[in-house]
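The lines below spell out each chain.
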Amino acid sequence: MKAKKKVVNKKLDRNAACAFLFLADATTYLNRIQTLEKCGEYCYAILNIWNRIESTLKLLNYYKHIKDEYPEQLKHQYLPKEIKEKFKHEIKIIISSDRQCLWKIRNKIVHQNKTMTKEEYEHYYPNAVIILNELTTILPSKQDFQEKLNRTRN
């Protein structure tokens, strides 16, 4: 009688596991955004959404290249083709080479202490939410990540 092979789960990259924990909080971040909006802190509110978009994009890329390490830097090519095609207008506003896209504005907020008016916030927020919702719907579950990782060869 043959002994069964013991199934050993490979470990997801630590940063991917942290990203899943971060994204699992689906209510607190919305409360935080509403509080920041009430205080007129639009930069910090938009950064909350941006962080979720960036984490989701990095996870999608990690899933695609599961044998590699979790990406440190965000790259344009992490955006799935189907979303690029379906949401061209929103993508131009959120992630593009345009100097006024949210990605570039985010860099100015973080590195140059840029402030954001309510009007600017209202320009970016709905588009960011659309992209975040679409990314969230196509993001595989943590279990899917684990199963794919376990199927890979070293």
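## What about the nonpolar core?
Core analysis: the biggest nonpolar cluster contains 46 residues, and Ile 53, Leu 59, Ile 94 and Met 116 have the highest contact counts within it. Those elements that place two or more of their residues in this core are helix H1 (14–24), helix H2 (28–38), helix H3 (42–64), helix H5 (88–94), helix H6 (102–112), helix H7 (118–138) and helix H8 (142–151). Residue contributions to this core peak at 12 residues, all from H3. Setting aside its immediate chain neighbours within four residues, Leu 59 contacts Ala 16, Ala 19, Phe 20, Leu 23, Tyr 70, Leu 139 and Phe 145.

## Considerations on the packing of H2 against H7
Remark: H2 packs on H7, axes separated minimally by 14 Å, with the N-to-C direction vectors making an angle of 175°. Classified by the angle their axes make, H2 and H7 are roughly antiparallel. For the pair formed by H2 and H7, the contact residues are Tyr 29, Ile 33 and Glu 37 on the first element and Tyr 121, Tyr 125 and Leu 132 on the second. Of the residues assigned to the contact of H2 with H7, the class counts are five nonpolar, no polar and one charged.

## Description of the packing of aromatic side chains
In the structure shown here, the tally under the stated rule is seven aromatic pairs. Geometrically, the ring pair formed by Tyr 62 and Tyr 70 is edge-to-face, given 5.9 Å between the ring centres and 65° between the ring planes. Like Tyr 70, Tyr 62 is buried. Among the aromatic side chains, those forming a connected cluster through ring pairs are Phe 20, Tyr 62, Tyr 63, Tyr 70 and Phe 145. Just above the ring of Phe 22 sits the side chain of Arg 52; from NZ or CZ to the centre is 5.5 Å.

## Some points on the packing of H2 against H3
Each pair of packed helices can be described by the angle between their axes along with the distance between the axes. Relative orientation of the contacting elements H2 and H3 amounts to 160°, with a least axis distance of 7 Å. One element, H2, and the other, H3, form an angle in the roughly antiparallel class. Taken as a pair, H2 and H3 cross one another with a handedness that is left-handed. Facing H2, whose interface residues are Tyr 29, Arg 32, Ile 33, Leu 36 and Glu 37, H3 presents Tyr 42, Tyr 44, Ala 45, Asn 48, Ile 49 and Arg 52.

Cut-off values and rules
Residues numbered from 1 in each chain as written. Predicted model: local features only at pLDDT ≥ 70, side-chain atom pairs only at ≥ 80, totals over all residues. Heavy atoms only, no water. Core = buried A, V, L, I, M, F, W, Y, C linked by side-chain atoms within 4.5 Å. Buried < 20%, exposed > 50% of the residue type's maximum accessible area, 1.4 Å probe, protein only. Helix = DSSP H or I, 4+ residues; strand = E, 2+ residues; numbered from the N terminus. Contact = heavy atoms within 4.5 Å. Axes fitted to C-alpha atoms, helices over the stretch in contact; angles between N-to-C directions. Parallel < 35°, antiparallel > 145°, perpendicular 65-115°, else oblique. Nonpolar A, V, L, I, M, F, W, Y, C, P; charged D, E, K, R; others polar. Phe/Tyr/Trp six-rings, centres within 6.5 Å; stacked < 30°, edge-to-face > 60°. Lys NZ or Arg CZ within 6 Å of the ring centre and 35° of its normal. Left-handed = near helix turned anticlockwise from the far one by under 90°.

Everything listed here is a matter of geometry and, on its own, says nothing about what the molecule does.
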